[in-house]
Amino acid sequence: MLARLALAATLLLAAPAAAQNAAPERPAWALAIHGGAGVIERQNLSPEQDAAYRASLQRALDAGAAVLEAGGSALDAVQAAVQLMEDDPLFNAGRGAVFTGAGRNELDAAVMDGPTRNAGAVAGLTRTRHPIAAARAVMEQSPHVMLIGEGAETFAAARGLEQVDPAFFFTESRWRALERTLRERGEPVPERPAGAQSPGAMAALPQPPLDERKFGTVGAVALDREGRLAAGTSTGGMTAKRWGRVGDVPVIGAGTYASNADGCAVSATGDGEYFIRATVARDICAAIGAHQRMSPGDHAANDAGAAMACAGEPDEAGCRHRLRITQTAASWEIDDVASLGGSGGVIVLGPDGDIAFAMNTSGMYRGAVVAGGAPRVAIYADEE
Ligand code: ASP
């Protein structure tokens, strides 16, 4: 599994690297995004849904890339990419978020700035249109790292962030997923939220596959022209969550982490409880930061993938070494999550703009672009 995923991840980057033989070793900027991992299989996505996801990922990549190409910050690029996906009903973040057992949308997000290791996070938002913007405001405009619930919402509104009626976040397919989950649990289904659009009105909007109950968390990691790294993640959490449940996304070091000291930025998606227990994002960055600790080991598959991606690079050996470290750290950590019983994936930006994806699921909506390269998007784990 590890070898297959590592190879798939590396191939996603092969074309940009190969396309710029004479390019400097380190791309001027780099960006990777995800739109959630899970049981995403070809037979479950119609051609229209497949195309809609790819188009949406492409738009998010384009938005972030435009910021980076123009010399903007990694933080701005992450926010731009994530906000677009928060607005897209295909994803489980912002509009299109899954419902709690009580029939509400409670939104979590986090952002982290690599150079300063400042971080901001919010949990349980119900009215702030862009939770990633609220997380950034916590980081930049408060002395705190995490705000939750009503207090977080009051803070976001006071900072001028757009507030919407909670019905704004409603989507028909997520509501049906809630109904099905509660019926399976033998629990009562709450009233449809006041102001929710009718099924007919929603039919005009793109919808995620009906059997998606949680997938679609969104995230981005970026490296800008000044070498700054950043990471951000946003989610509605898990369908039918109860008791104020909060997952890994806003827990710094679990679902989100960035550190220029380590040369690493991570955004995760999957069963949040496991990602918290495994401290996934921080572990990956710690491993990358301490890469000299790693023995050469038996990473033949990763070596093969890295060799393809780095072919023609001016410093081919150095490129292979860094890419292997980034991919190996990501894959090890996802294996660790699997050993606990969890599933999901990560996107990782390593030293010098190396990008890795790892997942133990059959798919992860994802994409990557580096300066001078063609943007690439992928859905299925085995996709090239
Ligand atoms: N990690 C998210 C959570 O547990 C869900 C997901 O990524 O699918 O809240």
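Model, not experiment: these values are computed from the prediction.

Comments concerning the overall build of the protein chain
- In terms of regular secondary structure, the protein chain is built from eleven helices and twelve strands.
- Within the span of the protein chain, comprising 384 residues, buried residues form 60% of the whole.
- In the protein chain, of all internal contacts separated by at least 6 residues, the share reaching a separation of at least 24 is 72%.
- Here the protein chain displays about 13700 Å² of accessible surface, and carbon together with sulfur accounts for 54% of that area.

A closer look at the pairing of strand β11 (residues 363–370)
- Within β11, eight of the eight residues are buried, which leaves the element mostly enclosed by the surrounding structure.
- Linkage of β11 to strand β12 (residues 376–380), two consecutive antiparallel strands, is achieved through a turn of five residues, within which Gly-372 is found at a positive phi near 85°.

A few points about the sheet that holds strand β4 (residues 146–148)
- With mixed pairing, eight strands are arranged side by side in an open sheet as β4-β3-β2-β6-β5-β1-β11-β12. Sheet topology places β4 and β12 at the edges, where each strand pairs with a single neighbour. With strand direction ignored, the average angle separating the axes of adjacent strands in the sheet is 10°.
- Two elements, strand β2 (residues 107–113) and strand β6 (residues 229–235), share six bridges in a ladder whose sense is antiparallel. Looking across to β6, one finds that Met-112 is bridged to Ala-231.
- Across the sheet, helix α2 (residues 47–69) lies against β1 (30–38), β5 (218–223), β11 and β12, angled at about 145° from β12, the strand it touches most.
- This element, helix α3 (residues 74–87), spans β1, β2, β5 and β6 of the sheet and lies at about 160° to β5.

With respect to the pairing of strand β7 (residues 256–259)
- The two faces of β7 match: Thr-256 and Ala-258 on one face and Tyr-257 and Ser-259 on the other face are all buried.
- The antiparallel pairing of β7 with strand β8 (residues 264–270) creates a hairpin that spans four residues between the two strands, and Gly-263 there sits at a positive phi of about 70°.

Section: the pattern of salt bridges
- According to the stated counting rule, one finds 20 salt bridges in the structure shown.
- Arg-176 serves as the salt-bridge partner of Glu-172, at 3.3 Å between the closest nitrogen and oxygen. Of the two residues, Glu-172 and Arg-176 both sit in helix α6 (residues 172–185), four residues apart, roughly one turn of that helix.
- Between Arg-282 and Asp-262 there is a salt bridge whose closest N-O contact spans 2.6 Å.

Observations concerning the site of the ligand
- Around the ligand, ten residues are found, and the nearest of them are Thr-217, Arg-245, Asp-248, Thr-269 and Gly-270.
- The contact in question runs from a nitrogen atom of the ligand to an N or O atom on the backbone of Gly-270, over 2.8 Å.
- If the ligand stood free it would expose 270 Å²; the protein chains cover 100% of that surface.
- In a pocket analysis with a 2 Å cut-off to the grid points, the ligand is assigned to the second largest cavity.
- Split by residue class, the shell around the ligand holds one nonpolar, six polar and three charged.

Side note on the packing of aromatic side chains
- Summed over all chains, the structure comprises seven aromatic pairs.
- Considering the side-chain rings of Phe-99 and Trp-175, the 4.9 Å spacing of their centres and the 90° angle between planes classify their relative orientation as edge-to-face. Highlighted residues: Phe-99 in the loop between α3 and β2 and Trp-175 in helix α6, separated in sequence by 76 residues.
- We classify Phe-99 as buried; its relative accessible area is 1%.
- When its relative accessible area of 1% is taken as the criterion, Trp-175 is described as buried.
- Among the aromatic residues, those joined into a cluster by ring pairs are Tyr-53, Phe-91 and Tyr-365.
- The positively charged end of Arg-95 is found above the aromatic ring belonging to Phe-168, 5.2 Å away from the centroid.
- Its end group placed over the ring of Phe-357, Arg-366 keeps NZ or CZ at 6.0 Å from the ring centre.

A look at empty space enclosed by the protein
- Here the structure, examined in full by the defined rule, presents three cavities of 30 Å³ or more.
- There is about 130 Å³ of room inside the second largest cavity.
- Around the second largest cavity, the lining is made up of 19 residues, and of these Thr-217, Thr-235, Gly-237, Met-238 and Gly-270 lie nearest the centre.
- Ranked by residue count, the leading element in the lining of the second largest cavity is β8, at three residues.
- Of the residues in the lining of the second largest cavity, the class split is six nonpolar, nine polar and four charged.

Side note on the confidence of the model for the protein chain
- Summarising the model, the protein chain shows a mean pLDDT of 87, and 85% of its residues fall at 70 or more.
- In this model residues 1–24 is a low-confidence stretch, pLDDT under 50, and it forms 48 contacts with partners more than four residues away in sequence or in other chains.

Definitions and limits used
- Residues numbered from 1 in each chain as written.
- Predicted model: local features only at pLDDT ≥ 70, side-chain atom pairs only at ≥ 80, totals over all residues.
- Heavy atoms only, no water.
- Helix = DSSP H or I, 4+ residues; strand = E, 2+ residues; numbered from the N terminus.
- Buried < 20%, exposed > 50% of the residue type's maximum accessible area, 1.4 Å probe, protein only.
- Contact = heavy atoms within 4.5 Å.
- Areas by Shrake-Rupley, 256 points an atom, 1.4 Å probe, with all protein chains shown as cover.
- Pairing = 2+ DSSP bridges.
- Axes fitted to C-alpha atoms, helices over the stretch in contact; angles between N-to-C directions.
- Salt bridge = Lys/Arg side-chain N within 4 Å of Asp/Glu carboxyl O.
- Near = heavy atom within 4 Å.
- Polar contact = N/O pair within 3.5 Å; in protein donor to acceptor, adjacent residues only side chain to side chain.
- 1 Å grid on protein atoms, 1.4 Å probe; cavity = no way out; pocket = protein on both sides within 12 Å on 5 of 7 lines; lining within 4 Å.
- Sits in = over half its atoms within 2 Å of the grid points.
- Nonpolar A, V, L, I, M, F, W, Y, C, P; charged D, E, K, R; others polar.
- Phe/Tyr/Trp six-rings, centres within 6.5 Å; stacked < 30°, edge-to-face > 60°.
- Lys NZ or Arg CZ within 6 Å of the ring centre and 35° of its normal.
- Points joined across faces, edges and corners; volume = space filled by probe spheres on them.
- pLDDT = per-residue confidence, 0-100.

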